[in-house]
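Structure assessment
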Amino acid sequence: MPVTDVTKDLQARALTITAEFAAPVERVWQVYADPRQLERVWGPPSHPATVVDHSLEPGGRVHYCMTGPEGDRYYGGWRVLAVDEPHSFTFEDFFADEGFNPVAELPTSTAEFRFEPAGAGTRATFTTTYETAEALQQVLDMGMEEGATLATNQIDALLAEG
Amino acid sequence: MLVLVIEHDEDRADAFFHALSDRTRRDILRRVLAGEHSVTALAASYDMSFAAVQKHVAVLERAGLLTKRRVGREQLASGDVDAVRSVASMLSELEEVWRGRIDRIEELIQEG
C-alpha cells in the first residue's frame, strides 16, 4: 500500500496522509499540473471529476465538477495560495454552486501538498487543515478513526455469525 | 467530497454520526448487536445513572441503530443490523476517498 501514515491533530485541526510513490517528484507534480491527469485521480470511480478551469499558480483557481451515477453533480474548487514547483503547493478547498461560487455553509479546508525525494521515489504529504474544530470533528466523526473501526468490526462480527 | 455521501440522506446521516460520536453509545451498540439486553442490565454495566444510560439508548433508537420492545416491566434493546450495515458503508466510502485518490495516483504514474 502506498499509504504509509494517517495522523490527526485535533488542536491544529489537521489531517495528514503520507504516501510513497515509485516515481520522481517531477512526475508526481505533473499529476497536479496537468488538468487531464488531475481529473483522473480526484474523483472516485463512482463520481468522476471534470476539471473546468485550471491555474496552478499563486492567486489562481482550479474548478471542478463531479458527476454521480444518476447524473447528480457536485461542484468544488481550489483557491491557490502558494506554489513551489515541484515541491509543494497550498490551496483553499471549497464546495461551490454551479457558478463555482463557494458555498459558505459547507466546511472549507486549507490543504498543503508536499512532495520530497525518498530513495528513487517520492514521499507525498497531504495535509488538510479545517477552519474550525467543529468542521474537523465532523469529518473525524464521519469515519477516519473509531467510527470506521467500530463499523468494520461490527461487519466482521456479523459476517462471522453467518 | 465528504458531502457527496451525506447529501444522499443528510438528516439520517446527522443522526447516525451524532449517535456514534459518543464512546458509551458505541459501547452500548456493540453489546446490543451481540444480543438483546435489558436497559437495566445495560445500566448496571456503566458508572452512570439509569436515566443517563436510558438517554443514550434513546439517542441510538432515534438514529435507527437500536430497537426496543417491552416485556412486562423490562425494556429490551437490540441492535439493528441493517442500519449498522448502512453506517458501515457510508463510513468506508469516506475512508476510501483518501485511499482511493492515492491508489489512482499510483496507477497513473506507473503507466509511465
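It is worth spelling out the overall build of chain B at this point. Scanning chain B from terminus to terminus reveals 6 helices and 3 strands. From first element to last, N terminus to C terminus, chain B shows the α and β order α-α-α-β-α-α-β-β-α. Scored against the burial criterion, the 112 residues of chain B give a buried share of 28%. Contacts in chain B between residues far apart in sequence, at least 24 positions, make up 55% of those at least 6 positions apart.

Below, the discussion takes up the confidence of the model for chain A. Residue and element names in this part refer to chain A. Overall, the prediction assigns chain A a mean pLDDT of 79, with 75% of residues at 70 or greater. Ranking the elements of chain A by mean pLDDT puts helix 4 (residues 146-161) last, at 39, and strand 3 (residues 49-54) first, at 95. Predicted confidence is poor over residues 142-162, with pLDDT under 50, and the contacts of this stretch with residues over four places away or in other chains come to 34 contacts.

Right, let's talk about the environment of Ser109(A) for a bit. All names here are of chain A. Here Ser-109 lies in strand 7 (residues 109-118). Separated by 31 residues in the primary sequence, Ser-109 and Trp-78 have C-alpha atoms spaced 9.7 Å apart. Once residues lying within four places of it in the same chain are set aside, the contact partners of Ser-109 are Asp-93, Thr-128, Thr-129 and Tyr-130.

Residues and elements named next belong to chain A. Here the residue pair Glu-85 and Pro-86 is connected by a cis peptide bond, since its omega of -5° sits within 30 degrees of zero. The topology assignment puts Pro-86 in the loop between strand 5 (73-84) and strand 6 (88-96). We note that Phe-100 has phi near 60°; this positive angle belongs to a residue other than glycine. Along the chain, Phe-100 falls in the loop between strand 6 and strand 7.

Residue and element names in this part refer to chain A. Where strand 6 meets strand 7, 6 bridges bridge the pair, whose relative direction is antiparallel. For Ser-88, the partnering residue across the bridge sits in strand 7 and is Arg-114. Here strand 7 runs beside strand 8 (residues 121-130); their pairing, made up of 10 bridges, is antiparallel. Across the sheet, residue Glu-116 finds its bridge partner in strand 8, namely Arg-123. Adjacent in sequence and paired antiparallel, strand 7 and strand 8 are bridged by 2 residues, among which Gly-119 carries a positive phi angle near 60°.

Residues and elements named next belong to chain A. At a minimum axis distance of 5 Å, the contact between helix 1 (residues 25-33) and helix 2 (residues 35-42) shows a crossing angle of 90°. Here helix 1 is positioned roughly perpendicular relative to helix 2, judged by the angle of their axes. Residues Gln-30, Val-31 and Tyr-32 of helix 1 touch helix 2, and the partners they reach there are Gln-37, Leu-38 and Val-41. Class assignment for the residues of the contact of helix 1 with helix 2 results in 4 nonpolar, 2 polar and no charged.

A separate point is helix 3 (residues 23-34) of chain B. Residue and element names in this part refer to chain B. Under the 1.5 Å per step criterion, the end-to-end length of helix 3 is 17 Å for 12 residues, consistent within 8% with the ideal 16 Å. Arg-25, Arg-26, Ile-28, Leu-29, Val-32 and Leu-33 are the residues of helix 3 that are buried. Burial along helix 3 is one-sided: seen end-on, the buried residues are contained in an arc of 160°.

This next bit is on the sheet that holds strand 1 (residues 37-38) of chain B. All names here are of chain B. Read from one edge of the open sheet, 3 strands run 1-3-2, paired in antiparallel fashion. Edge strands, defined here as strands with exactly one partner in the open sheet, are strand 1 and strand 2 (66-71). Docked against the sheet, helix 3 engages strand 1, strand 2 and strand 3 (74-79), running at close to 90° with respect to strand 3. Here helix 5 (residues 50-62) sits on the sheet in contact with strand 2 and strand 3, set at roughly 120° to strand 2.

Moving on, we come to the confidence of the model for chain B. Per-residue pLDDT for chain B averages 79, and the proportion of residues at 70 or more is 74%. For residues 1-8 of chain B, every residue scores under 50 in pLDDT, and the model assigns this stretch 12 contacts once sequence neighbours within four places are set aside.

Turning next to helix 1 of chain A. Within the sequence span of helix 1 of chain A, burial applies to Val25(A), Val28(A), Trp29(A), Val31(A) and Tyr32(A). Taken down its axis, helix 1 of chain A places every buried residue within 145° of arc, on the same side.

Residues Phe21(A), Val28(A), Val31(A), Tyr64(A), Ile105(B) and Ile109(B) are the most contacted members of the largest nonpolar core, which totals 23 residues. Examining the composition of this core, we find that 5 residues originate from one element, helix 1 of chain A, more than from any other. Ignoring sequence-local partners within four residues, the contact set of Tyr64(A) consists of Glu39(A), Trp42(A), Ala49(A), Thr50(A), Val51(A), Val52(A), Gly76(A) and Gly77(A).

Cut-offs applied
Residues numbered from 1 in each chain as written. Chains lettered and ligands numbered in written order. Predicted model: local features only at pLDDT ≥ 70, side-chain atom pairs only at ≥ 80, totals over all residues. Helix = DSSP H or I, 4+ residues; strand = E, 2+ residues; numbered from the N terminus. Buried ≥ 20, exposed ≤ 12 C-beta atoms within 10 Å, placed from the backbone. Contact = placed C-beta atoms within 7 Å. pLDDT = per-residue confidence, 0-100. Pairing = 2+ DSSP bridges. Axes fitted to C-alpha atoms, helices over the stretch in contact; angles between N-to-C directions. Parallel < 35°, antiparallel > 145°, perpendicular 65-115°, else oblique. Nonpolar A, V, L, I, M, F, W, Y, C, P; charged D, E, K, R; others polar. Expected span 1.5 Å × (residues − 1). Arc of directions from axis to C-beta. Core = buried A, V, L, I, M, F, W, Y, C linked by C-beta atoms within 7 Å.

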